[in-house]
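So the chains spell out like this:
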Amino acid sequence: MGLDPRYAIPNNVASGSGMVWANCGATQFHLVFGEEAQVVPGSIGLWYDDLEGLKERILRYEEIGKGEGAEGKERPFESFSIDMDPLSKKESIRIVDRYGNVFYCRQQSSDAAGQNDHTELIRTVRQPILTSTDMQHSHDYQSSDLLKRFAADHESQETDCRGIQHVEFNVPPNTAAKIAEFYDRVFNAPTNLITIPSASSDDSDSATTIDVNVAVVGIGSVNTTTGLTSQSLIFRETSLPLPPYDGHHISLYVGDDMADFAVALKSCMDAGVVWVNPKYEDKVTNLNTAKKWNQFRFKDILDLKTGKQVFELEHEVRSVNHRGWTGLVRR
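Bear in mind that the values here come from a model prediction, so they are computed numbers and not experimental data.

(A) The overall build of the protein, seen in detail. For the protein, the helix and strand inventory stands at 10 helices and 17 strands. Scored against the burial criterion, the 331 residues of the protein give a buried share of 43%. At a minimum sequence separation of 6, the contacts of the protein that also span at least 24 residues come to 59%. With the model as given, the accessible surface of the protein reaches about 17800 Å², and the carbon-plus-sulfur share is 51%.

(B) Region of the structure containing the confidence of the model for the protein. For the protein, per-residue confidence averages 82 on the pLDDT scale, and 75% of positions sit at 70 or higher. In this model residues 112–116 is a low-confidence stretch, pLDDT under 50, and it forms 12 contacts with partners more than four residues away in sequence or in other chains.

(C) Structural view of unusual backbone geometry. If you check the backbone angles, N174 has positive phi at about 65° while not being a glycine. Looking at the element boundaries, N174 is found in the loop between strand 9 (161–171) and helix 7 (176–187). Even without being a glycine, N188 presents a positive backbone phi close to 55°. Note that N188 resides in the loop between helix 7 and strand 10 (191–201). For N188, a relative accessible area of 66% gives the class exposed.

(D) Structural view of the side chain of N23. Mapping N23 onto the fold places it in strand 2 (residues 19–24). On the basis of relative accessible area, N23 is assigned to the buried category, the value being 0%. One polar contact links N23 to Q28, side chain to side chain, over a distance of 2.9 Å.

(E) Layout of the pairing of strand 9. Counted residue by residue, strand 9 has 10 buried out of 11 residues, so it is predominantly covered. As judged from the six bridges shared by strand 9 and strand 12 (residues 229–237), these two strands associate in the parallel manner. Bridging across to strand 12, N170 finds its partner in R236.

Conventions used here
- Residues numbered from 1 in each chain as written.
- Predicted model: local features only at pLDDT ≥ 70, side-chain atom pairs only at ≥ 80, totals over all residues.
- Heavy atoms only, no water.
- Helix = DSSP H or I, 4+ residues; strand = E, 2+ residues; numbered from the N terminus.
- Buried < 20%, exposed > 50% of the residue type's maximum accessible area, 1.4 Å probe, protein only.
- Contact = heavy atoms within 4.5 Å.
- Areas by Shrake-Rupley, 256 points an atom, 1.4 Å probe, with all protein chains shown as cover.
- pLDDT = per-residue confidence, 0-100.
- Polar contact = N/O pair within 3.5 Å; in protein donor to acceptor, adjacent residues only side chain to side chain.
- Pairing = 2+ DSSP bridges.

Below is the structure:
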């Protein structure tokens, strides 16, 4: 990944304050400073053209524990495993960071699933990354040893990680269908409800089959041949206890223009879910303020029949006029 030069503010990086954007292809991670690390209760899927570079970097730390390593650098993850993906028959890498976030890194060619359409944004655009040239041309950047460490040492503006392919959340039992209905009706998103038989043992030592419902919400472009979308949100039911919501969020763009954005806002207002996060400046409660900030927020996913919250997840919903979108440059 690479640091976004728009948010690589040396004082913030040095003091651990504010926010940093870490970019990978067209997508990015919003890294917000806080006293407690945020942990996604599920997993994050990352897309690579090739895993060799990632494997090489990870294996450097194979003999390094949690403390200082041989190179004087702290090991940046808790554990990893290299496995064979049963579907693609290619290697996949599972990484658990030091806070408990789980990442699945999978190899997938740029034209996977027959998507050769040059207009498919997730495959044809990128966010800017901080480079060694940026460091040379900015006195502020040069004052930061951390930025020097993380600036890309090339000008290709290509990151090894090509993007976020999916984010999966563990959700309470009997909520997946309601979550799918919410995204279908409020965002007109393609959704699918999958039932997976799962075996567990009860106190009588006999195996009991339990069906696990999984809601898949499609995001991005839809492949007209396969019906697959370029990205997805996955909500997997579990009977295991879930941790309290810690404020982690997702950010997504809607539509092709401001009219599409306005429709999404109206749908969320009609559902009564538009929400103001007191931590941030964007206090959006209507269309006028949404146009000012080119985004709005909500965090309650509802059972639309009862109006009750079934899952809590902050969404930062942006229009294509948002300044983060203008940083996208076609390859």
